[in-house]
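# A look at the structure
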Amino acid sequence: MIYYLYTFLYDTLRGMLFDTLKKKFFSPHAYIGCDIGTTSIKLVELAKEGQYTHLRNYALLESYGHFERSNNVIQANDLKISQNETVELLKTVLSKTHFSSVGVVASVPSFASFITAIEVPQMSDEETNKTMTFQIKEHIPLPLSEIAVDWIRVGQHEDENGFTKQQILLVAVPRDTIERYRMIFKAAGLSLHALEVEPLAYARAVIGNDQTPTLILDIGARSTNITVSDQGFVKHNAQIDYAGDTLTSAIAKGLGVNARRAEELKKQKGIVGGRGEYELSTLEIPFVDVILHEADKARAHVEGMLGIKIQRILIIGGGALLIGLEAYVEQKLGIPTMRGNGLLYVQTPPQLAAVSKELEARFATAIGLAIKGFV
């Protein structure tokens, strides 16, 4: 594979000191958020000082090998992660950076987990616990012995008959996936503090406790997550296989250029469709429209089910940096749209101003994971 490593070394001397000591001591005041994606690994280290959370360090290891071979990826949609190779990649990142913490919170992608929202009648905690055993069997297509399950109350509402229903978000991860991650981080010299599914992590970073009904579009390389948050809770999540690489492929085929060149053109021109870029935008728009069609379906489903009105759309992931996308989404769906800010609740060093937009969009999941370490 071909990899490119981008790092930020904050307070290098302190980092070198911690490199010597971190195997013996671990400070609970700093955590690493690790987002292992299809074609990249993103690491963010956050430190807690009083009531403030500070960005201490970050690193991005990005692969371009998938442009030559589609299966040349870190993590594929068959629920498997390349264990040995991922260990080596993490070791590569850690050897060239100075993360002072060994405690890590890592993401489990949506395609490697089961996330579903259900409604059950309002009842006591004890009765709800009993009911969830049956609900899990009904909604999760794996035996209970093979999965780790968590469920979260995310709200309540009255149905058309006046009965109060509580809304539950069910999250399940196969136990072998958890064990695989644990072994990966142990082999890389890190201590796995927790695992969390991606939508919960990036919602924590870009929304926090904001009550505004929001649709989040997380546009990655190989897939797009469509998440709805209301009253500070994730209420719905769906995933589709149309994303950034889909647009790159459309450009490559339409213009007869290789994928690397198509990726460069996409980043330079976006979907503005101005003078000289008309052909480029017309190649991309049909696939952007597929993503937006699915987003609109999710909006309609949640609004109909919960009786809420989506008031804004936040775009994160690499796709959020596509020039002209925010304006196009707002025009197409008629909902105020902006880029999500993963650094909304994090203080950053002033020397990072030049790359803040990329950090806000692409590192939202990793930032949300690191924040979870303090929760």
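Here, the structure is the one placed above.
Right, let's walk through the structure included here. Predicted model, so just to flag it, every value in this text is computed and none were measured.

Calculation rules
- Residues numbered from 1 in each chain as written.
- Predicted model: local features only at pLDDT ≥ 70, side-chain atom pairs only at ≥ 80, totals over all residues.
- Heavy atoms only, no water.
- Helix = DSSP H or I, 4+ residues; strand = E, 2+ residues; numbered from the N terminus.
- Expected span 1.5 Å × (residues − 1).
- Bend = angle between axes of the 7 residues up to and from the residue.
- Buried < 20%, exposed > 50% of the residue type's maximum accessible area, 1.4 Å probe, protein only.
- Contact = heavy atoms within 4.5 Å.
- Axes fitted to C-alpha atoms, helices over the stretch in contact; angles between N-to-C directions.
- Parallel < 35°, antiparallel > 145°, perpendicular 65-115°, else oblique.
- Nonpolar A, V, L, I, M, F, W, Y, C, P; charged D, E, K, R; others polar.
- Pairing = 2+ DSSP bridges.
- Core = buried A, V, L, I, M, F, W, Y, C linked by side-chain atoms within 4.5 Å.
- Polar contact = N/O pair within 3.5 Å; in protein donor to acceptor, adjacent residues only side chain to side chain.

## With respect to helix H3 (residues 125-139)
Compared with the 21 Å implied by 1.5 Å per residue over 15 residues, the 20 Å span of H3 between its first and last C-alpha is a close match. Along H3, the largest kink reaches about 25° and is centred on Met 132. Along H3, the residues that are buried comprise Thr 128, Met 132, Gln 135 and Ile 136. Looking at the buried side of H3, the elements it contacts are strand E6 (114-121), strand E7 (147-158) and strand E8 (164-174).

## Structural notes on the packing of helix H5 (residues 198-206) against helix H11 (residues 364-372)
At a closest axis distance of 7 Å, the pairing of H5 and H11 adopts a crossing angle of 85°. When the axes of H5 and H11 are compared, the pair comes out roughly perpendicular. Contacts between H5 and H11 pair Glu 198, Ala 201, Tyr 202, Arg 204, Ala 205 and Val 206 from the former with Ala 364, Thr 365, Ile 367, Gly 368, Leu 369, Ile 371 and Lys 372 from the latter. For the contact of H5 with H11, the per-class residue count stands at 8 nonpolar, 2 polar and 3 charged.

## Let's talk about the sheet that holds E7
In space, the 3 strands of this open sheet follow the order E6-E8-E7, with antiparallel pairing throughout. The open sheet has two edge strands with one neighbour each: E6 and E7. For this sheet, the mean angle separating the axes of adjacent strands, direction not counted, is 25°. Across 8 bridges, E6 lies against E8 in antiparallel orientation. The residue of E8 that forms the bridge with Pro 121 is Lys 165. Each of E6, E7 and E8 is contacted by H3, which is oriented at about 115° to E7, the strand it contacts most.

## Quick notes on the nonpolar core
Soluble globular proteins tend to pack their nonpolar side chains together in the buried interior. Of all hydrophobic cores here, the largest spans 34 residues; its most connected members are Val 44, Leu 46, Val 206 and Ile 367. When residues of this core are traced back to their parent elements, those giving at least two are strand E3 (40-49), strand E4 (52-63), E8, H5, strand E13 (312-316) and H11. Aside from chain neighbours lying at most four places away, what touches Val 206 is Ile 216, Leu 314, Ile 316, Gly 340, Asn 341, Gly 342, Leu 344 and Ala 364.

## Concerning the side chain of Thr 224
With respect to the helices and strands, the residue Thr 224 is situated in strand E11 (residues 224-230). Among the polar contacts listed, one links the side chain of Thr 224 to the backbone oxygen of Tyr 242, at a separation of 2.7 Å. Other than its neighbours up to four places away in sequence, Thr 224 contacts Leu 217, Asp 218, Ile 219, Ala 238, Gln 239, Ile 240, Tyr 242, Ala 243 and Ile 291.

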